[in-house]
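In case you want the letters, here they are:
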Amino acid sequence: MTSSNDWPLYEVFIRARGGLDHKHVGSIHATDERMALEHARDVYTRRQEGVSIWVVRSSAIVASDPSDAEAFFEPARDKVYRHPTFYDIPDEVKTL
Amino acid sequence: MDTAALAERFQARIDADERIEPKDWMPDAYRRTLIRQMSQHAHSEIVGMLPEGNWITRAPTLKRKAILMAKVQDEGGHGAYLYGATETLGVTRDALIEELLAGAARYSSIFNYPTPTWADIGAIGWLVDGAAIMNQIPLCRCSYGPYARAMVRICKEESFHQRQGYDIMLALARGTDAQRRMAQEALDRWWWPALMMFGPPDADSKHSAQSMRWRIKRFSNDELRRRFIEFTVPQAEYLGLAVPQGEIDWSEFEQVLAGHGPCNRERIAARRRAHESGRWVREAALAWADKQRSKRREAV
Ligand SMILES: [Fe+2]
Ligand SMILES: [Fe+2]
């Protein structure tokens with residue numbers, strides 16, 4: 001865990017251009033949300049890499065466990081009928 | 001699953017060129033190796049700001065000053081990316097910085113050399129950042145995800161560093177006799193230390209084989225050094241400068257690593273001073289943020 005005099009850790013997400021999703025770029029230490037935003041701007045967007053930034057306390061992120069990944073994602077594996085390629089459509093049928 | 005089976009699956013993932021992410025199982029030695037290498041890398045970025053910082057207030061023109069400030073600021077950013085990436089392995093930035101300030105951590109030996117003239121700033125950008133790029137490009141494909149991603153971001157910024165350095169050298173090479181001499185002397189000073197940045201010869205490199213197997217490292221020290229020389233010699237010729245002839249003096253490298261380089265003490269002392277003089281700011285900022293939070297709670 002963080003030692004007493006270390007500033008809290010925030011994860012940083014940046015939208016590179018309008019129309020794109022915010023993408024995780026790294027982390028930053030700051031005393032509060034506003035400083036986290038300003039530090040994220042200084043550290044991660046010195047060359048206009050973004051038009052919008054999200055910061056969130058690292059401790060607030062809930063993540064799936066990689067050691068459970070198989071069981072966790074298993075239910076989707078046998079549902080091949082969710083993919084368009086599952087269906088054999090005769091060549092004569094167009095634009096489908 | 002027992003450790004042997006986990007270790008086998010881990011190596012299989014590496015062999016398949018998969019990336020390892022922070023919460024994935026990894027051998028302790030892999031984690032320790034990464035913490036050591038990544039924190040040394042972060043420290044190098046931060047300590048590396050000092051030799052160049054020495055010339056910010058004395059840059060010959062306003063343009064050169066703005067460029068040098070941007071470059072040194074980038075290095076601070078690189079340190080921040082790398083400390084952040086190292087923290088994903090379960091250590092704190094605070095603890096890593098404590099190690100550096102206590103003199104218990106290493107950083108690149110190159111930053112223990114002084115910058116007596118403006119030409120040294122040109123030579124650093126051209127040669128030191130040039131050698132760093134050569135080392136760092138393969139790290140963009142290293143097996144540990146957060147390290148690889150940080151390196152992608154860093155490599156995008158390094159090219160400017162190298163070019164602004166070469167641009168300084170060009171201006172001096174096209175200048176007066178005294179300026180050309182200054183450029184040559186800086187090349188003479190930085191050539192051997194820059195070649196040492198690739199680490200000891202392959203035969204003496206104790207961590208290399210394991211790091212290659214883990215795909216933290218993809219090329220040997222000598223291979224990267226050879227490639228750097230191949231690229232750099234024609235660049236020196238274009239400047240009309242003579243590349244020093246001879247052999248690398250590895251005893252000098254050992255001396256600098258052991259703490260006996262020209263500026264080892266000065267560098268750590270400068271970092272300690274900066275850390276201590278910034279302490280009240282860090283504490284005040286934290287106290288202020290706490291106070292604001294409790295005020296907001298009271299207002300609800
Ligand atoms: Fe850097
Ligand atoms: Fe650089």
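A few points on the structure. (Residues numbered from 1 in each chain as written. Chains lettered and ligands numbered in written order. Predicted model: local features only at pLDDT ≥ 70, side-chain atom pairs only at ≥ 80, totals over all residues. Heavy atoms only, no water.)

The number of helices and strands found in chain B is 12 helices and 0 strands. A globule of 300 residues ought to have a C-alpha radius of gyration of about 19 Å, and chain B, at 21 Å, matches this closely. Based on the C-alpha atoms only, the size of chain B along its principal axes is roughly 70 × 55 × 35 Å. For chain B, with 300 residues in total, the buried portion stands at 49%. For chain B, the share of sequence-separated contacts (at least 6 apart) that also reach a separation of at least 24 residues comes to 80%. Of the accessible surface of chain B, which amounts to about 14700 Å², a share of 55% is contributed by carbon and sulfur atoms. When the 43 positive and 39 negative side-chain charges of chain B are each reduced to one mean point, those points stand 6 Å apart. (Helix = DSSP H or I, 4+ residues; strand = E, 2+ residues; numbered from the N terminus. Rg over C-alpha atoms; globule rule 2.2 N^0.38 Å. Buried < 20%, exposed > 50% of the residue type's maximum accessible area, 1.4 Å probe, protein only. Contact = heavy atoms within 4.5 Å. Areas by Shrake-Rupley, 256 points an atom, 1.4 Å probe, with all protein chains shown as cover. Lys, Arg positive; Asp, Glu negative; His and termini not counted. Charge placed at Lys NZ, Arg CZ, Asp CG, Glu CD.)

What follows concerns the state of the cysteines. A complete count under the given rule lists 0 disulfides over all chains for this structure. The structure places no disulfide on B:Cys142, whose sulfur is separated from the nearest cysteine sulfur, that of B:Cys140, by 9.1 Å. (Disulfide = S-S within 2.5 Å.)

Another point: the interface of chain A and chain B. In this complex, chain A contributes 25 residues to the contact, which on the side of chain B involves 23 residues. For the pair chain A and chain B, the summed buried area comes to about 2000 Å², and 46% of that belongs to carbon and sulfur atoms. Looking only at chain A, the three residues that lose the most surface to chain B are A:Trp7, A:Arg46 and A:Arg47, adding up to 26% of its buried area. Summed over the shared surface of chain A and chain B, the result is 5 salt bridges. A salt bridge links B:Glu157 to A:Arg47; the nearest nitrogen and oxygen atoms lie 3.4 Å apart. Applying the counting criterion to the chain A and chain B interface returns 10 residue pairs in polar contact (both at pLDDT 80 or more). Listed by contribution, the elements that provide at least two residues to the side of chain A that touches chain B are strand E2 (22-29) and helix H1 (33-44) of chain A. Partitioning the side of chain A that touches chain B into residue classes produces 10 nonpolar, 8 polar and 7 charged. (Buried area = accessible area lost by both parts, 1.4 Å probe. Salt bridge = Lys/Arg side-chain N within 4 Å of Asp/Glu carboxyl O. Polar contact = N/O pair within 3.5 Å; in protein donor to acceptor, adjacent residues only side chain to side chain. Nonpolar A, V, L, I, M, F, W, Y, C, P; charged D, E, K, R; others polar.)

A word on the sheet that holds strand E3 (residues 52-57) of chain A. Residues and elements named next belong to chain A. Read from one edge of the open sheet, 3 strands run E2-E1-E3, paired in antiparallel fashion. A single partner strand is all that each edge strand has here, and the edge strands are E2 and E3. Going from strand to strand, the sheet's axes swing by 25 degrees on average, the running direction of each strand aside. Bridge count between strand E1 (residues 9-15) and E2: 7 bridges; the pairing is antiparallel. If you follow Phe-13 over to E2, its bridge partner there is His-24. (Pairing = 2+ DSSP bridges. Axes fitted to C-alpha atoms, helices over the stretch in contact; angles between N-to-C directions.)

Let's shift gears to the coordination of the iron ion (ligand 1). All names here are of chain B. At the metal site, the iron ion (ligand 1) is ligated by Glu-45 (OE), Glu-75 (OE), His-78 (ND1) and Glu-158 (OE), and these contacts range over 2.1 to 2.5 Å. Coordination at the iron ion (ligand 1) comes from 4 donor atoms whose angles at the metal span 81 to 156 degrees, giving a geometry best classed as irregular. Along the chain, the residues donating to the iron ion (ligand 1) fall in the pattern E-x29-E-x2-H-x79-E. A separation of 3.3 Å is found between the iron ion (ligand 1) and the iron ion (ligand 2), which share Glu-75 as a coordinating residue. Taken together, the residues Glu-45 in helix H2 (residues 28-47) and His-78 in helix H4 (residues 62-87) connect sequence positions 33 residues apart. Of the two residues examined, Glu-45 and His-78, each falls in the buried class. (Donors = N, O, S within 2.8 Å, 3.2 Å for Na, K, Ca; no water. Tetrahedral: all angles 85-135°; square planar, octahedral: opposite > 155°, others 65-115°.)

What follows is about the packing of aromatic side chains. Evaluation of the coordinates by the stated rule reveals 13 aromatic pairs over all chains. Arranged with centres 6.3 Å apart and planes meeting at 75 degrees, the rings of A:Tyr81 and A:Phe86 form a pair that is edge-to-face. Of the residues examined, A:Phe86 reaches a relative accessible area of 44% and is grouped as partly exposed. Their ring planes at 70 degrees and their centres at 5.6 Å tell us that B:Trp126 and B:Tyr166 sit as a pair that is edge-to-face. Separated by 40 residues along the polypeptide, B:Trp126 in helix H6 (residues 118-136) and B:Tyr166 in helix H7 (residues 145-173) bring together distant segments of the chain. Judged by its relative accessible area of 18%, B:Tyr166 falls in the buried class. Grouping aromatic residues by their ring pairs yields a cluster made of B:Phe10, B:Trp25, B:Tyr30 and B:Trp214. The cationic tip of B:Arg58 hangs over the ring face of B:Trp55; the distance from NZ or CZ to the ring centre is 4.0 Å. (Phe/Tyr/Trp six-rings, centres within 6.5 Å; stacked < 30°, edge-to-face > 60°. Lys NZ or Arg CZ within 6 Å of the ring centre and 35° of its normal.)

Right, let's get into the environment of A:Glu70. As for its placement among the helices and strands, A:Glu70 is situated in helix H2 (residues 69-73). Taking the C-alpha atoms as reference, A:Glu70 lies 26 Å from A:Gly26; in sequence the two are 44 residues apart. Apart from residues lying up to four places away in sequence, A:Glu70 is in contact with A:Arg77 and B:Arg9.

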